[in-house]
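This is what each chain is made of:
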Amino acid sequence: MKISQTLRRGALTLMIGLCSTAALAQYPDRVVRIVVPFAAAGSTDLVTRALAVELGAALGQNIVVENKPGAGSLIGSELVAKAEPDGYTILMAGLTNVFLPHVHKDLKWHPLDDFVGVGLVADLPNVIAVNAKTPFKTLDELVAADRAKPGSMIFGSAGVATPSHLVCEMINHQVKIKLQHVPYKGNAPAVNDLMAGHIPVMCNNLGGTLPYMQSGQIRILAQTGKTRSAAAADVPTFAELGLPGLDAGLWMGLVAPKGTPQAVVNKLNAALTKALASPALKEKLGRLGASTLNPSLAAFDERVKADRKVWDPVLKTLDLKTQ
């Protein structure tokens, strides 16, 4: 009897294993969902929708983009972290996932550790910009003005712990000034107030600022990145101006729930690599001020480690949870 039960259990285990292998071989045999943890029409959403076309073609399957905004990307990130780890629900993650553990310290899941990287997608520079009617033509002039009257100048952002907030906080940290934070509910209302002159300064992604620089309403003083974006070739990088720690922009990358089979991750990564090689996608991203990144699995892990090393010391000095 015991031998018979053992044989039956062994046969069941073998059947489950064979079914799992078959399922992996057929992946993806239905629609794949990419969750964007921000509102529609924002930079992350636009990049994701441009990618979805080429990624779907590379996978041979339809890709659906679903927006789940809220709490600085927490809501969408948590949804994917707790999804079935089968490769059919993935997340367009980014630099905000590095920030989230410092904002929500009582989470029962981790915005980085509960995912497996599929690959980096694109880098979108962040910038510091001023209303064109202000006297500031350079970052040095802005810094000098704040030092003359510490804490007298405010900056707007898309909200607490968003990249647009924390890039300005990194500038405060690096050059020892005290620009005061005024959070908005998204980049758009902050940009509107910057153009109207209600706030003098804002940190924002390049894509959301570029049209207003081109129209002469906003002046961009500096941009993140190791090199200047081709879309803003006349704007110096923070590194050129002697500010360390701001050579990384607003990276975006695909992640899957922890526990997703490696074979599925590898298939997604191969499709992502093929998609990012598409000249059509490179052109679309370029119009948004974004540039493609190395999609290798190793490059993803290296980028996350580098960002944690740069940002963690700054984030620990800010009381992000109670602002």
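**As for the sheet that holds strand β5 (residues 126–131)**
- One open sheet holds the 5 strands; their spatial order is β7-β6-β8-β5-β9, and the pairing between them is mixed. Each edge of the open sheet carries a strand with a single partner, namely β7 (180–183) and β9 (218–223). The mean angle between the axes of side-by-side strands here comes to 30°, regardless of whether they run parallel or antiparallel.
- Across 4 bridges, the pairing between strand β6 (residues 154–157) and β7 is parallel. From the neighbouring strand, serine 157 faces β7, where its bridge partner is proline 183.

**As for the pairing of β9**
- A large share of β9 lies buried, amounting to 6 of its 6 residues.
- Sheet analysis places β5 next to β9, joined by 5 bridges and oriented antiparallel. Pairing of isoleucine 128 across the sheet is with alanine 222, part of β9.

**Focus on the state of the cysteines**
- Applying the stated criterion across every chain, the model contains 1 disulfide.
- With its sulfur 2.0 Å from that of its partner, cysteine 168 forms a disulfide with cysteine 203. The disulfide joining cysteine 168 to cysteine 203 has a torsion of about 90° about its S-S bond and is therefore right-handed. With cysteine 168 in helix α6 (residues 163–175) and cysteine 203 in strand β8 (residues 201–205), the pair connects residues that are 35 residues apart, well separated along the chain. Accessibility assignment for this pair places cysteine 168 and cysteine 203 in one class, buried.

**What about the side chain of serine 229?**
- Mapped onto the fold, serine 229 is located in the loop between β9 and β10 (250–257).
- You can call serine 229 buried: its relative accessible area is 11%.
- In this view, serine 229 contacts Pro125, Leu206, Gln223 and Gly289; residues no more than four positions away in its chain are not counted.

**As for the sheet that holds strand β4 (residues 115–124)**
- Read from one edge of the open sheet, 6 strands run β2-β1-β3-β10-β4-β11, paired in mixed fashion. Of all strands in the sheet, those with a lone pairing partner are β2 (63–67) and β11 (291–292), marking the two edges.
- In the sheet, strand β1 (residues 32–36) pairs with strand β3 (residues 89–94) via 3 bridges, with the strands oriented parallel. When the sheet's bridge partners are listed, arginine 33 is paired in β3 with threonine 89.
- Packed onto the sheet, helix α2 (residues 43–59) meets β1, β2, β3, β4 and β10 and runs at close to 160° relative to β2.
- Against the sheet, helix α9 (residues 262–276) contacts β3, β4, β10 and β11, and its axis sits at roughly 10° relative to β4.

**A word on the packing of aromatic side chains**
- Considering all chains together, one arrives at 4 aromatic pairs under this definition.
- Ring geometry for tryptophan 251 against phenylalanine 300: centres 5.7 Å apart, planes inclined by 80°, an arrangement best described as edge-to-face. Residue tryptophan 251 is found in strand β10, and its partner phenylalanine 300 is found in helix α11 (residues 297–315); the two are separated by 49 residues along the sequence. The same class applies to tryptophan 251 as to phenylalanine 300, namely buried.
- When the ring centre of tyrosine 88 is taken as reference, the NZ or CZ atom of arginine 30 above it lies at 3.6 Å.

**Examining α11**
- Its 19 residues place the ends of α11 26 Å apart at the C-alpha level, agreeing with the 27 Å of an ideal helix rising 1.5 Å per residue.
- Approximately 30° is the largest bend angle found in α11, and it occurs at lysine 309, with the proline proline 313 only one to four residues beyond.
- Taken together, the buried positions of α11 are Ala299, Phe300, Arg303, Val304, Asp307, Trp311, Val314 and Leu315.
- Buried residues belonging to α11 abut α4 (96–103), β4, α6 and β10.

Conventions adopted
Residues numbered from 1 in each chain as written. Predicted model: local features only at pLDDT ≥ 70, side-chain atom pairs only at ≥ 80, totals over all residues. Heavy atoms only, no water. Pairing = 2+ DSSP bridges. Helix = DSSP H or I, 4+ residues; strand = E, 2+ residues; numbered from the N terminus. Axes fitted to C-alpha atoms, helices over the stretch in contact; angles between N-to-C directions. Buried < 20%, exposed > 50% of the residue type's maximum accessible area, 1.4 Å probe, protein only. Disulfide = S-S within 2.5 Å. Contact = heavy atoms within 4.5 Å. Phe/Tyr/Trp six-rings, centres within 6.5 Å; stacked < 30°, edge-to-face > 60°. Lys NZ or Arg CZ within 6 Å of the ring centre and 35° of its normal. Expected span 1.5 Å × (residues − 1). Bend = angle between axes of the 7 residues up to and from the residue.

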